[in-house]
Amino acid sequence: MKQNKLGASRRDFLKSAALTGAAALVPQLIPGSVLGLDGAVAPSATVYLGAIGIQSRGFHDLTCFVNRPDVRFIGICDIQKKQRLKIKDFADKKYNNTDCAMYKDMEDLLVRDDIDAVLIATGDRWHSMASITAAKFGKDVYCEKPLSLTIRESRALADAVNRYGIIYQAGTQRRNIGNFMLAAKIAQSGKLGKLTEVHANTLWPATRETWLEAQPLPPVDEVDWERWLGPCPWRPYNEAYVKGQWRGHYDFHGGGILEWGSHTVDLCQWAAQKDDTAPVEYIPQFNADGSKAGNIQALYSDGLKLVMRSSGWLGLGTCSARYVGEEGWVETGDSGKMAVSSDALRGELKYFGMPGTDPRTHIAEFVECVKSRRNPAANVNVAAQSHIASHCAYIAWQLGRTVKFDPAKEEFIGDEEANRMRTRSLRAPYTF
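If you're wondering where the values come from, they're calculated on a predicted model, not measured in any experiment. (Residues numbered from 1 in each chain as written. Predicted model: local features only at pLDDT ≥ 70, side-chain atom pairs only at ≥ 80, totals over all residues. Heavy atoms only, no water.)

Peer 1: Any chance you could explain the packing of helix α11 (residues 255–271) against helix α14 (residues 380–399) here in plain terms?
Peer 2: Geometrically, a packed helix pair is captured by the angle between its two axes and the distance between the axes. Closest axis-to-axis distance for the α11/α14 pair is 8 Å, and the angle between their directions is 125°. Considered as vectors, α11 and α14 are oriented oblique to each other. Here α11 and α14 pass one another in a crossing that is right-handed. The segment α11 lies against α14, with Ile257, Leu258, Gly261, Ser262, Val265, Asp266 and Gln269 engaging Val382, Ala383, Gln385, Ser386, His387, Ala389, Ser390, His391, Ala393 and Tyr394. Residue composition of the contact of α11 with α14, by class: eight nonpolar, eight polar and one charged. (Axes fitted to C-alpha atoms, helices over the stretch in contact; angles between N-to-C directions. Helix = DSSP H or I, 4+ residues; strand = E, 2+ residues; numbered from the N terminus. Parallel < 35°, antiparallel > 145°, perpendicular 65-115°, else oblique. Left-handed = near helix turned anticlockwise from the far one by under 90°. Contact = heavy atoms within 4.5 Å. Nonpolar A, V, L, I, M, F, W, Y, C, P; charged D, E, K, R; others polar.)

Peer 1: Honestly, the sheet that holds strand β9 (residues 292–299) in this entry has me stumped. Any pointers?
Peer 2: Strand pairs in the sheet, formed through backbone hydrogen bonds, run parallel or antiparallel to each other. One open sheet holds the nine strands; their spatial order is β13-β12-β11-β7-β10-β9-β8-β14-β15, and the pairing between them is mixed. The sheet terminates laterally at β13 (338–340) and β15 (411–412), the two strands that pair on one side only. As paired strands, strand β8 (residues 281–286) and strand β14 (residues 403–406) are joined by two bridges and run antiparallel to one another. Its bridge partner being in β14, Glu281 is matched across the sheet by Lys404. Contacting β7 (195–201), β11 (321–325), β12 (328–332) and β13, helix α8 (residues 178–189) runs over the sheet at an angle of about 165° to β12. (Pairing = 2+ DSSP bridges.)

Peer 1: In this structure, what is going on with the sheet that holds strand β1 (residues 47–52)? I would like to understand it.
Peer 2: The six strands are arranged β3-β2-β1-β4-β5-β6 in an open sheet whose pairing can be described as parallel. Two strands close off the open sheet at either side, each with one partner strand: β3 (101–103) and β6 (168–170). Adjacent strand axes in the sheet meet at a mean angle of 20° when their direction is disregarded. Both β1 and strand β2 (residues 71–77) contribute to a ladder of six bridges, which runs parallel. Looking at β2, one finds that Ala51 is bridged to Ile76. Against the sheet, helix α4 (residues 81–95) engages β2 and β3, with an angle of about 160° to β2.

Here's what the structure looks like:
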């Protein structure tokens, strides 16, 4: 599926040539591998993949991609030389060649005409910017979560993906995991009665604004610190950041509601059939002594309650979700196990062995959507809405008070302080 500069695939080009010039063609013998015979995948059906910012989770995703016979990984971009070399070595051993190219700057990867799609697994600060840049180059995108750090980034990303017509799959893989799919189906079927509450497993919300101790800058080819920071405010280099210890720092991270809510609030919106909206009111909870609790409650315009909480779960695994109706409830988590409120619902249950952290079926759907141009389950529009809900909840928690939100206008109602928190300043030249 290699692309030319106009974005047309080789398959489309060959089809057009066959229709317009078939009578003039001289019959030729074509190798079976080109046609996809004998178990081979035809080059025109192969998705050529690049990757940007690959470490632990990204490497797991990449392994799932390259284990597919219809994907060919041909280029790695990373601001760390050691990561570029590591991923190239992995690819070269996988394909028994030396074809995997290395890049420090993503634009040098994205300009390649022979790349159809990119896997983006940088730190959170780069997810929106890298995805928007890839969209401008006409590349389809599989991006790890969370897709944004602000409400504004969520909307800018969705607008760019829709404007440039690319396929986008957020790495919220639970939309393609069996037990989560079944729980959503039960909630939507009416077997729980009218839904009254949906519960999302989230983490402690807070981030910090302290800096780590300054260390000498490494050579730019070893670690490009300016590119690592990207759109974030400048701060001194410390190797701990590039080793993954950026989490929890406000400039780089959206906090614990977003960390898991990008999965679980998304699941709740899906189960409640609210993919095109967000709650209209966000109410932070407090402990008996008046201190902030980690929980947030939110209300949709029809009265449905969204509860974001870290405790009180049944132990069915991380990233749990519970859907509560007037006649019963269902809960599930990353273990693949499910629980229901009554024997009347028990016949609906199945056990799914695939854990909720496994991205294989999600990646499989993305690859098929790249070929068919069908919109995937975790497309940018539904992912943007669940991220916006998570951002609103964190803003309410930071302010320590209830906020009201207009999902259509994507602004808080009569609240200038909250509205200023919908966005963050972007460091030039890394702007939308």
